[in-house]
Every structure is written in C-alpha cells, then in structure tokens.
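Residue-level structural notes
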Amino acid sequence: MNPRYDVVSIFPEYLQPLELSLIGKARRAGLLELTIRDLREFTTDRHRTVDDTPYGGGAGMVMKAEPWAQALEAIQPSEAEDPEARPVLVVPSPAGEVFTQRTAEDFAREEHIVFACGRYEGIDERVLEWAADRFRVRPVSLGDYVLNGGEVAVMAMVEATARLLPGVIGNPESLIEESHADGLLEYPVYTKPSVWRDRPVPEVLLSGNHAAIARARRDWQLERTSRRRPDLIKDLPEDALDRRDRTLLDEWAREREQDDTV
Ligand code: JF5
C-alpha cells in the first residue's frame, strides 16, 4: 500500500512547497497521500488558543496539550496493542535523535507517519507521553541548531523520505549510486565544456580508462571527506578502507600536521 503522511501545523501555508515539484507530482500520481492540517481546527475556544505560559516560569510560550490530543485522535482514533501496528509520530525538536539517511530509509518503509510541527518553546511534554498508546513517538532533530518551528524540518524529512519511495524518482539508478553508502562524501562532478574560464576538467575523466576514473573518484571522496567531515572517517567500519585509501589518508594527515606546525 502507498504511504500516508499527515502534517499538523499552526502555519499550514508554510507546507505548501510540498505540493510542488517532486512530492506534488508523486502525490498526483497516487504514490503517496499527504494531508496538511491546521492545529487551530482542533481548538474549541473563541480565540482558537494553541499556547500558554510555561509552568515553572521561563521565556516564551508552550503549546497546549488539548488541541494536540484532539488533532492526533482525529488522525488516529484507535490505540493499538501491538506497538509495531502503531503509526509513527515524528516531533521535530532540537532535543530529538538526529535525522540521517538511515532515518529516511526507515521512514520510507512506514505505512503511516504523522508529523507534529511545534512552535514557541515546544509542545507540553504530556502529549508525547499520552500519544505513546497510539503512535511510535519519535522526537527527531535535523541538526544542532534552532528553527522557529517544526515546519522546515518536516519539509526536509518528507522530501528525504518520499524520494526513496518506488516510482518517485524518475531515474532509480541515481538512488542506487547514492545507496552505495560507502560512508564517504560524494566525489566532485563536472560537465561540458571541458575547459571553462581557463579551468580544465581533471584529465583522467576524459581518458576513457574506467578503472583509473573509479580510483580517482575514490581518492577525491577520501580527500573531501577527510577535510570536511573527519568524523565520518573515524566512524568507517574496519574493512571500508583498502591499502591505497589508508596510505592516502596517512599522507594527508602528515601534510596537515606539517601545515599546523609553525
Ligand atoms: C522547534 C521547539 C520545535 O528547531 C527545530 C529543529 C532543529 N533541528 N531539528 C529541528 O524544530 C523546531 C523549535 C522549538 C520545538
């Protein structure tokens, strides 16, 4: 069955970009269902109040529990005995587990995901506790920085997830190439003209020597990763690096040590 994604926000218009381009096209093709809901529709007071002051004091406002419970009950009326039968409730938060390609791959296997966009200082914590009988609750962070609300994080997570669904990407070759998840950053890419503003494309790419091209690209991946993301090199499994990989990394490490020694 095609997956369902529900997004709840007090700014449903912020989510409109999801209707465009790739995701919108996938939606129109019936590859996924996406429903964007306004949290204020689940309020019952005249002012459609969604926030209140924090117990214990402190800056800012907190999202009230009851509108969230009403919205989540409308989306998922029943509790489920089997936790695996429960939909996922994703709550974007700087205090969540970090979203990675692995998370996107996990999400792409889910039948139903509900995204709860918080604003202000966040949602009353009791909502997440209460929701655990209906949902597999996952506070998720895009990274170590603060946004004004969960909407932008949800757009990133829905796009990263939906593009992995069968039929969404026109050329699935590109997905296979990416999923060659060797744990390294991608190599740099070039297209015509072969010389642009006095800058030639690396010669090896014009050689037609496929083995040499593959090795050069591997070297560039390693160089880029060791400079920009040394944390990824540390996390590589023992067998991820061949002899030449190790030699290159040692060489660059020595060169950089030299540069640091004034
Ligand atoms: C948010 C309270 C949610 O700021 C974020 C975020 C940062 N990384 N990933 C998500 O979410 C919005 C802000 C404050 C709850």
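A brief report on the enclosed structure follows. (Residues numbered from 1 in each chain as written. Predicted model: local features only at pLDDT ≥ 70, side-chain atom pairs only at ≥ 80, totals over all residues. Heavy atoms only, no water.)

**Structural notes on the site of the ligand**
- Residues in close proximity to the ligand total 14 residues, the closest being Leu142, Gly143, Tyr145, Leu147 and Gly149.
- In the model, a nitrogen atom of the ligand is placed 3.5 Å from a nitrogen or oxygen of the serine 141 side chain.
- With respect to the ligand, the backbone of glycine 143 contributes an N or O atom lying 3.3 Å from a nitrogen atom.
- Taken by itself the ligand offers 370 Å² of open surface, and the protein chains cover 93% of this.
- For the ligand, the cavity whose grid points lie within 2 Å of the majority of its atoms is the second largest pocket.
- Ranked by residues supplied to the shell around the ligand, first place goes to strand S5 (residues 88-98) with three residues.
- Residue composition of the shell around the ligand, by class: seven nonpolar, six polar and one charged. (Near = heavy atom within 4 Å. Polar contact = N/O pair within 3.5 Å; in protein donor to acceptor, adjacent residues only side chain to side chain. Areas by Shrake-Rupley, 256 points an atom, 1.4 Å probe, with all protein chains shown as cover. 1 Å grid on protein atoms, 1.4 Å probe; cavity = no way out; pocket = protein on both sides within 12 Å on 5 of 7 lines; lining within 4 Å. Sits in = over half its atoms within 2 Å of the grid points. Helix = DSSP H or I, 4+ residues; strand = E, 2+ residues; numbered from the N terminus. Nonpolar A, V, L, I, M, F, W, Y, C, P; charged D, E, K, R; others polar.)

**With respect to the sheet that holds strand S2 (residues 33-38)**
- With parallel pairing, five strands are arranged side by side in an open sheet as S2-S1-S6-S5-S7. Among the strands making up the open sheet, the edge pair consists of S2 and strand S7 (136-141). Strand-to-strand twist across the sheet, computed as the mean angle between neighbouring axes with direction ignored, equals 30°.
- Summarising the sheet, S5 and S7 pair through seven bridges and their orientation is parallel. For valine 88, the partnering residue across the bridge sits in S7 and is arginine 136.
- The strands touched by helix H2 (residues 65-75) within the sheet are strand S1 (4-9), S2, S5 and strand S6 (112-116), with S1 carrying the most contacts at an inclination of about 165°. (Pairing = 2+ DSSP bridges. Axes fitted to C-alpha atoms, helices over the stretch in contact; angles between N-to-C directions. Contact = heavy atoms within 4.5 Å.)

**Thoughts on the pairing of S1**
- Burial analysis of S1 places five of its six residues in the buried class, which makes it a mostly covered element.
- Note: S1 against S2, six bridges, orientation parallel. Of the residues in S2, the one forming a bridge with tyrosine 5 is leucine 34. (Buried < 20%, exposed > 50% of the residue type's maximum accessible area, 1.4 Å probe, protein only.)

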